[in-house]
Amino acid sequence: MYGLTDADLRIQATARSFADELIPFEEQAEAANGELPADVTAGHEKRAIELGLHAANMPAELGGGGMTAVQQVLVQEQAGRVTNALAWVVGTPPSWLPAVATPDQIERYVRPAIRGEAVECYAITEEGAGSDVDAIEATARRDGDSYLLGGEKWHVTSFNTATFAFFQAKLTGGEHAGEHAMFLVDLPSPGVSVVRTPGYTHTISHHHPIVAFRDVRVPAANLVGAEGDGMTFAYEWFRFERLMVAARCLGAADRLVTEASAFASQREVQGVPISSLGMIQAMLADSLTELFAARALVYETARGIDDGADVKVQHAQCSMAKLYASEMAGRVADRAVQIFGGRGYMRENVAERFYRELRVERIWEGTSEVQKVIIADQLAKRGAGALV
Ligand SMILES: Cc1cc2nc3c(=O)[nH]c(=O)nc-3n(C[C@H](O)[C@H](O)[C@H](O)COP(=O)(O)OP(=O)(O)OC[C@H]3O[C@@H](n4cnc5c(N)ncnc54)[C@H](O)[C@@H]3O)c2cc1C
């Protein structure tokens, strides 16, 4: 099915069995604010590296998995079957970085990230700049051999575990004044501090604090690419992450359909399994059908990337994949809660956890509305024939 090769199927099986190892820890994590004992998490991280699942997206010549886009999707799809972000140990370091990083940056950031010794976070969004990244107010000013960075960033995911941050700012002087630039900021660094750590809908150990950067001095060698390049990197990363969000949504929907279907076969009401009731059947049938459609869309998008599709076409297709898969997974989770009835509202139930956790998939890496703007824009420029 789906034209997967033997190598693809082996990778898929490895990722699936690792996800199956993590699933039994979900309820423990849920009951403890998403936290597992440090030695347990360390064990999971080690295993993800040993199995070749961590850094699957990174070039093989740097020690990464060198996997195709299809294979990366297969790995992240299985990771998506696990709640409470326990499968985030299957890390995806910034695959856009090696192509633009200096040899020094490769040694200090890329190789350690691939080895699992360095962890990145992204400090891009601000209180007044989310969907409209261009509205950021963070600043970067060249000062001799270094830059001085300032600004306040919101929702900085994994700041509590990260060893470095990508910080996006607008340049305040020089020939690129007003343009974007991206910087690597070691963590901790003088001038970087948590303003506050809000609570979020999901129960995961990764925090998303508001972080202040006040007169943070970084060497000029920490500029990524050239002055004015900042937005380019953001777009490249969005493309990758949107496809991976879509892949994880497939995994979540697969798990939900499987578990809801099993429950429906076993739960009897008035002497018959609820799986024989037309209204339950309709929810399961809709969910399975939408999962199939989403999976075909996501795999085909990945295959196009592997075949070297035009980058603008990739951009539109990744948006379509993210839009459809995240909305689909939300609908499937909603139906799964309904099928489980009262059990579906209990935090020990997988449907309840996914019902909360999947909500953000329609928001981060570009909201559903923003994906529609991108898709409609590309449709107007290229026509349907080029995109679908
Ligand atoms: C849990 C979580 C983790 C996150 N992690 C990170 C992170 O690690 N790093 C980081 O930099 N950011 C992160 N984000 C930020 C995330 O990417 C933004 O929240 C997202 O892009 C939306 O931006 P916003 O919140 O400012 O919403 P807004 O831009 O304020 O949008 C508000 C509403 O307006 C709509 N809207 C906006 N523009 C348009 C338009 N052109 N047409 C139609 N409707 C529109 C939106 O769809 C939305 O419904 C995270 C967010 C969350 C919730």
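That block above? That's the structure.
The sections below set out a description of the structure shown in this document. (Residues numbered from 1 in each chain as written. Predicted model: local features only at pLDDT ≥ 70, side-chain atom pairs only at ≥ 80, totals over all residues. Heavy atoms only, no water.)

1. A closer look at the overall build of the protein
Just so we agree on the cut-off: Numbering of helices and strands runs from the N terminus, with a helix taken as a DSSP run of H or I at least four residues long and a strand as a DSSP run of E at least two residues long. Just to be clear, the radius of gyration here is over C-alpha atoms, and the globule rule we use is 2.2 Å times residues to the power 0.38. Residues are treated as being in contact if the distance between any of their heavy atoms lies within 4.5 Å. Residue burial considers only the protein chains on display, and all accessible areas are found by Shrake-Rupley using a 1.4 Å probe. When charges are tallied, Lys and Arg are placed among the positive residues and Asp and Glu among the negative ones, while His and the ends of the chain are skipped. A charge is said to be at NZ when it belongs to Lys, at CZ for Arg, at CG for Asp and at CD for Glu.
On a plain count of helices and strands, the protein comes out with 12 helices and 10 strands. For the protein, the C-alpha radius of gyration of 21 Å lies close to 21 Å, the compact-globule estimate for 388 residues. In terms of overall dimensions, the protein has a C-alpha envelope of 80 × 50 × 40 Å along the principal axes. In the protein, of all internal contacts separated by at least 6 residues, the share reaching a separation of at least 24 is 75%. Looking at the protein as shown, the accessible area adds up to about 17,100 Å², and 54% of this sits on carbon and sulfur atoms. Each charge class in the protein can be summarised by its mean position, and for the 35 positive and 51 negative side chains these summaries are 3 Å apart.

2. Some words on the nonpolar core
Heads up, the condition is: Side-chain atoms within 4.5 Å link the members of a nonpolar core, which is a set of buried Ala, Val, Leu, Ile, Met, Phe, Trp, Tyr and Cys residues. Exposure classes here rest on a 1.4 Å probe applied to the protein chains alone. A residue is buried below 20% of its type maximum, exposed above 50%, and partly exposed in between.
Trp96 and Ile339 are the most contacted members of the largest nonpolar core, which has 69 residues in total. Taken together, the elements giving at least two residues each to this core come down to α4 (69–79), α6 (103–115), β4 (164–171), β5 (180–186), α7 (230–266), α8 (278–306), α9 (311–340) and α10 (350–357). Among the elements that make up this core, the one with the highest residue count is α7 (20 residues). Core analysis: the next-biggest nonpolar cluster, separate from the first, contains 24 residues, Leu149, Ala165, Leu187 and Leu223 among them.

3. Describing the packing of α9 against α10
Our working rule: Angles shown run from 0 to 180 degrees and are taken between the N-to-C directions of axes, each axis being a line fitted to C-alpha atoms and, for helices, limited to the stretch in contact. Just so you know how the angles are binned, under 35 degrees is roughly parallel, over 145 roughly antiparallel, 65 to 115 roughly perpendicular, and the rest oblique. Crossings are classed by handedness, with left-handed meaning an anticlockwise turn of the near helix from the far one by less than a right angle and right-handed meaning a clockwise turn. Amino acids are sorted into nonpolar (Ala, Val, Leu, Ile, Met, Phe, Trp, Tyr, Cys and Pro), charged (Asp, Glu, Lys and Arg) and polar (every other residue, Gly among them).
Contact geometry for α9 and α10: axes closest at 9 Å, N-to-C directions at 150 degrees. With respect to α10, the axis of α9 lies roughly antiparallel. Like other packed secondary-structure pairs, α9 and α10 cross with a definite hand, here left-handed. On the side of α9, the interface is formed by Ala333, Asp334, Ala336, Val337 and Phe340, while α10 contributes Ala351, Glu352, Phe354 and Tyr355. In the contact of α9 with α10, the residues fall into seven nonpolar, no polar and two charged.

4. A short note on the site of the ligand
Inclusion rule: We call a residue near a given molecule or strand whenever any one of its heavy atoms falls within 4 Å of it. Pairs of N or O atoms within 3.5 Å make up the polar contacts considered here, provided that, within protein, one atom can donate a hydrogen while the other can accept it, and that residues adjacent in sequence are counted only when both atoms are side-chain atoms.
Near the ligand there are 17 residues, and of these Thr125, Ser131, Thr157, Thr367 and Glu369 occur at the shortest range. Here a nitrogen atom of the ligand and a backbone polar atom of His155 are 2.9 Å apart. Within the side chain of Thr157, one N or O atom sits 2.7 Å away from a nitrogen atom of the ligand. Summarising the interface, the protein chains cover 63% of the accessible area of the ligand, which totals 970 Å² for the free molecule. Taken together, the residues that form the shell around the ligand break down as eight nonpolar, seven polar and two charged.

5. Re the pairing of β4
Going by this rule: A pair of strands is considered paired only if DSSP assigns at least 2 bridges between the two.
Most of β4 sits inside the fold, with seven of its eight residues counted as buried. Relative to β4, strand β1 (residues 120–123) is paired through four bridges, and the arrangement is parallel. Following the sheet pairing, Tyr122 is matched in β4 by Phe166. The sheet contact formed by strand β2 (residues 139–143) and β4 spans two bridges and is parallel. Its bridge partner lying in β4, Ala140 is registered against Leu171. One ladder, built from seven bridges, connects β4 with β5; its direction is antiparallel. Considered in β5, the bridge of Phe167 is made with Phe183.

6. Quick word on the pattern of salt bridges
The line we're drawing: Counted as salt bridges are all cases of a side-chain nitrogen of Lys or Arg within 4 Å of a carboxyl oxygen of Asp or Glu.
Under the defined criterion, the tally for this structure stands at 21 salt bridges. The partner of Arg217 in a salt bridge is Asp143, and the shortest N-O contact between them spans 2.9 Å. Of this pair, Arg217 sits in strand β7 (residues 210–219) while Asp143 sits in strand β2, placing them 74 residues apart in sequence. By relative accessible area, Arg217 is classed as partly exposed at 48%. We classify Asp143 as partly exposed; its relative accessible area is 30%. We note a salt bridge from Glu241 to Arg248, for which the minimum N-O separation is 3.1 Å. Look at Glu241 and you get buried, because its relative accessible area is 7%. For Arg248, a relative accessible area of 16% puts it in the buried group. Shared partners join several salt bridges into a network, and the residues in it are Glu26, Arg255, Glu259 and Arg353.

Everything listed here is a matter of geometry and, on its own, says nothing about what the molecule does.
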